[in-house]
Amino acid sequence: MRKRLKFVLGTLSMFLLATVLTACSSATSPYNSHKKLGPQINYTITGIDAGAGIMASTQNALKEYPLAKNNWQLQTSSTAAMTSTLNKAIKYKQPIVITGWQPHWMFKKFPIKFLKDPKNVYGKAEQIHTIARVGLKKDNPGAYQLLKQFHWTPAQMSDVMLKTNAGVDPKKAADDFIKNNPKLVAEWTKGVPKGNGKPIKLSYVAWDSEIASTNVMAELLNHLGYKANIQALEMQPMFASIATNAADASLAAWLPNTAGLYMKQYKGKIDDVGTNLNGAKVGLAVPKYMKNINSIDDLINK
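Here is what the cut-offs are and how they apply
- Residues numbered from 1 in each chain as written.
- Predicted model: local features only at pLDDT ≥ 70, side-chain atom pairs only at ≥ 80, totals over all residues.
- Heavy atoms only, no water.
- Buried < 20%, exposed > 50% of the residue type's maximum accessible area, 1.4 Å probe, protein only.
- Helix = DSSP H or I, 4+ residues; strand = E, 2+ residues; numbered from the N terminus.
- Pairing = 2+ DSSP bridges.
- Phe/Tyr/Trp six-rings, centres within 6.5 Å; stacked < 30°, edge-to-face > 60°.
- Lys NZ or Arg CZ within 6 Å of the ring centre and 35° of its normal.
- UniProt positions renumbered as here; feature names shortened; annotations may be inferred.
- Axes fitted to C-alpha atoms, helices over the stretch in contact; angles between N-to-C directions.
- Parallel < 35°, antiparallel > 145°, perpendicular 65-115°, else oblique.
- Left-handed = near helix turned anticlockwise from the far one by under 90°.
- Contact = heavy atoms within 4.5 Å.
- Nonpolar A, V, L, I, M, F, W, Y, C, P; charged D, E, K, R; others polar.
- Salt bridge = Lys/Arg side-chain N within 4 Å of Asp/Glu carboxyl O.
- Lys, Arg positive; Asp, Glu negative; His and termini not counted.
- Polar contact = N/O pair within 3.5 Å; in protein donor to acceptor, adjacent residues only side chain to side chain.
- Core = buried A, V, L, I, M, F, W, Y, C linked by side-chain atoms within 4.5 Å.

By the naming in an unreviewed UniProt entry, the protein chain is Glycine/betaine ABC transporter, taken from Apilactobacillus timberlakei.

Student: Tell me about the pairing of strand S3 (residues 98-102), and please be specific about residues and values.
Tutor: S3 sits mainly inside the fold: 4 of its 5 residues count as buried. Judged from the 5 bridges that link them, S3 and strand S9 (residues 270-287) form a sheet pairing that is antiparallel. By the bridge assignment for S9, Gln-102 is matched with Lys-281.

Student: Which residues make up the packing of aromatic side chains, and what values go with them?
Tutor: One pass over the structure, following the stated rule, counts 11 aromatic pairs. Seen in terms of ring centroids, Phe-177 and Trp-188 are 6.4 Å apart; in terms of plane orientation they differ by 20 degrees. Their pairing is stacked. One end of the pair, Phe-177, is in helix H9 (residues 170-180); the other, Trp-188, is in helix H10 (residues 182-189), and 11 residues separate them in sequence. The exposure classification of Phe-177 matches that of Trp-188, with both residues buried. Three or more aromatic residues joined by ring pairs form one cluster here, namely Phe-150, Trp-152, Phe-177 and Trp-188. It is Lys-119 that lies over the ring of Tyr-65; its NZ or CZ is 5.1 Å from the centre.

Student: An account of the UniProt feature "domain: ABC-type glycine betaine transport system substrate-binding" (unreviewed entry) in the protein chain is requested, with residue identities and associated values reported.
Tutor: In the numbering adopted here, UniProt assigns the feature "domain: ABC-type glycine betaine transport system substrate-binding" (unreviewed entry) to residues 39-180 and 198-299. Spanning residues 39-180, this segment combines 48% helix with 15% strand, and its end C-alpha atoms are found 48 Å apart. Across residues 198-299, the secondary structure splits into 32% helix and 38% strand, with the terminal C-alpha atoms separated by 53 Å.

Student: I'd like a rundown of the packing of H9 against helix H11 (residues 208-223), residues and numbers included.
Tutor: The relative placement of two packed helices is expressed as an angle between their axes plus a distance between the axes. Between H9 and H11, the shortest axis-to-axis distance is 8 Å and the interhelical angle comes to 65 degrees. In terms of orientation, H9 and H11 fall into the roughly perpendicular class. The crossing of H9 and H11 is right-handed. Across the interface between the two elements, Pro-170, Lys-171, Ala-174, Asp-175 and Ile-178 from H9 touch Ile-211, Asn-215, Val-216, Glu-219, Leu-220 and His-223 from H11. Split into classes, the residues belonging to the contact of H9 with H11 amount to 6 nonpolar, 2 polar and 3 charged.

Student: With reference to specific residues and values, describe the pattern of salt bridges.
Tutor: Summed over all chains, the structure comprises 7 salt bridges. Of the charged contacts, one joins Lys-108 and Asp-159 as a salt bridge, the two residues approaching to 3.7 Å between their closest N and O atoms. Of this pair, Lys-108 sits in helix H5 (residues 106-109) while Asp-159 is found in helix H8 (residues 154-165), placing the two residues 51 residues apart along the sequence. Since its relative accessible area comes to 47%, Lys-108 is described here as partly exposed. For the salt bridge of Lys-171 with Glu-219, the shortest nitrogen-to-oxygen distance reads 3.6 Å. Of this pair, Lys-171 sits in helix H9 while Glu-219 sits in helix H11; the two residues are 48 residues apart in sequence, bridging distant segments of the chain. Among the residues examined, Glu-219 registers a relative accessible area of 6% and is labelled buried. By sharing partners, the salt bridges in this structure join Arg-133, Asp-139 and Asp-248 into a single network.

Student: Describe the side chain of Glu-126, and please don't skip the residues or the numbers.
Tutor: Relative to the assigned elements, Glu-126 resides in strand S5 (residues 126-133). Despite its burial, Glu-126 pairs with no opposite charge, the nearest such side chain being Lys-264 at 11 Å. Engagement of the side chain of Glu-126 in a polar contact is seen with the backbone nitrogen of Asn-257, the distance being 2.5 Å. In this structure the side chain of Glu-126 is engaged in a polar contact, spanning 2.5 Å, whose partner is the side chain of Thr-258.

Student: Talk me through the nonpolar core; I want residue IDs and the actual numbers.
Tutor: As a rule of thumb, soluble globular proteins bury nonpolar side chains together. The biggest cluster of nonpolar side chains holds 92 residues, and the ones touching the most others in it are Leu-37, Met-106, Trp-152, Trp-188, Val-216, Phe-239 and Leu-299. Excluding anything up to four places from it in sequence, Trp-188 contacts Leu-146, Gln-149, Phe-150, His-151, Trp-152, Phe-177, Val-216 and Leu-220.

Student: So what's going on with H9? Which residues, and what values?
Tutor: Within the sequence span of H9, burial applies to Ala-173, Ala-174, Asp-175, Asp-176, Phe-177 and Ile-178. Taken together, the buried residues of H9 touch H8, H10 and H11. Its side-chain oxygen placed 3.0 Å from the backbone nitrogen of Lys-171, Asp-169 serves as the N-cap of H9.

Student: Any chance you could break down unusual backbone geometry for me, citing the residues and the numbers?
Tutor: Here the residue pair Gln-102 and Pro-103 is connected by a cis peptide bond, since its omega of 15 degrees sits within 30 degrees of zero. Here the residue pair Leu-255 and Pro-256 is connected by a cis peptide bond, since its omega of 10 degrees sits within 30 degrees of zero. Topologically, Pro-256 is positioned in the loop between strand S8 (249-255) and helix H13 (260-265). In the Ramachandran plot, Lys-93 falls in the positive-phi region, its phi being about 55 degrees despite a non-glycine side chain. Summarising the element assignment, Lys-93 is placed in the loop between helix H4 (79-92) and S3. On the accessibility criterion, Lys-93 (51% relative accessible area) is exposed. You will see that Asn-245, though not glycine, has its phi angle at about 70 degrees, which is positive. For Asn-245, the location among the structural elements is in the loop between helix H12 (235-243) and S8.

Take a look at the structure:
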């Protein structure tokens, strides 16, 4: 009996060791364009937080293309975990498919590309809107004016995001941007009165893009004498905070698709102040060295 148990345990140990070695080997295997993509990445799309709008759109993509019927699945993680996994994949030239959005520093730091979306599941280019609680324009017209006049480009936003990603405190990265762009700041603050210590609370989703815009706005307000406070929330609570007057404003409404559901849910309870960035985009992305994968359809066909 003991000999048999020893044999079973020995066999099991060898099996586990082989499994670990195989996993380690595949973990550093580069992308092979001559083999089907699905088995190389266990039919997995690396995603972010479950409540993000891009995750809901990707679940729709799994049905529409149809990826789900071909064993594809969406892995929930976080933005930090996703970009860390992407970094490792790029290092070893591994295959990977991620949920991507722009503006984001990963498109400047890594050689990645969006996949074409022939069924338009993710929609066309989006805008990032500034939203406010109903009544802010009357209660705090100066802060409202600054929020309305604030508008920048994906490249400008990426400057702040890259610094933050490199380890610079978001507040300092925002201050540096303000100091280095006096003409742009003059446009944003034109005609805006001093705040004289008047408080204003901004809520945001803790994505790199929104960390950048919210910190820049908070520092602008502080420089003008307002007392800005910021709070990170998930997407739905962020919208709820504006609709219930728990917060004054947010610069994090990706429309019409990513946050469209919440904009409809709180219709009449939120003031759409205006667009603060044009040319935002969401979809699936892969490294550029995956040259034969250019469309979502290719996930199944190649």
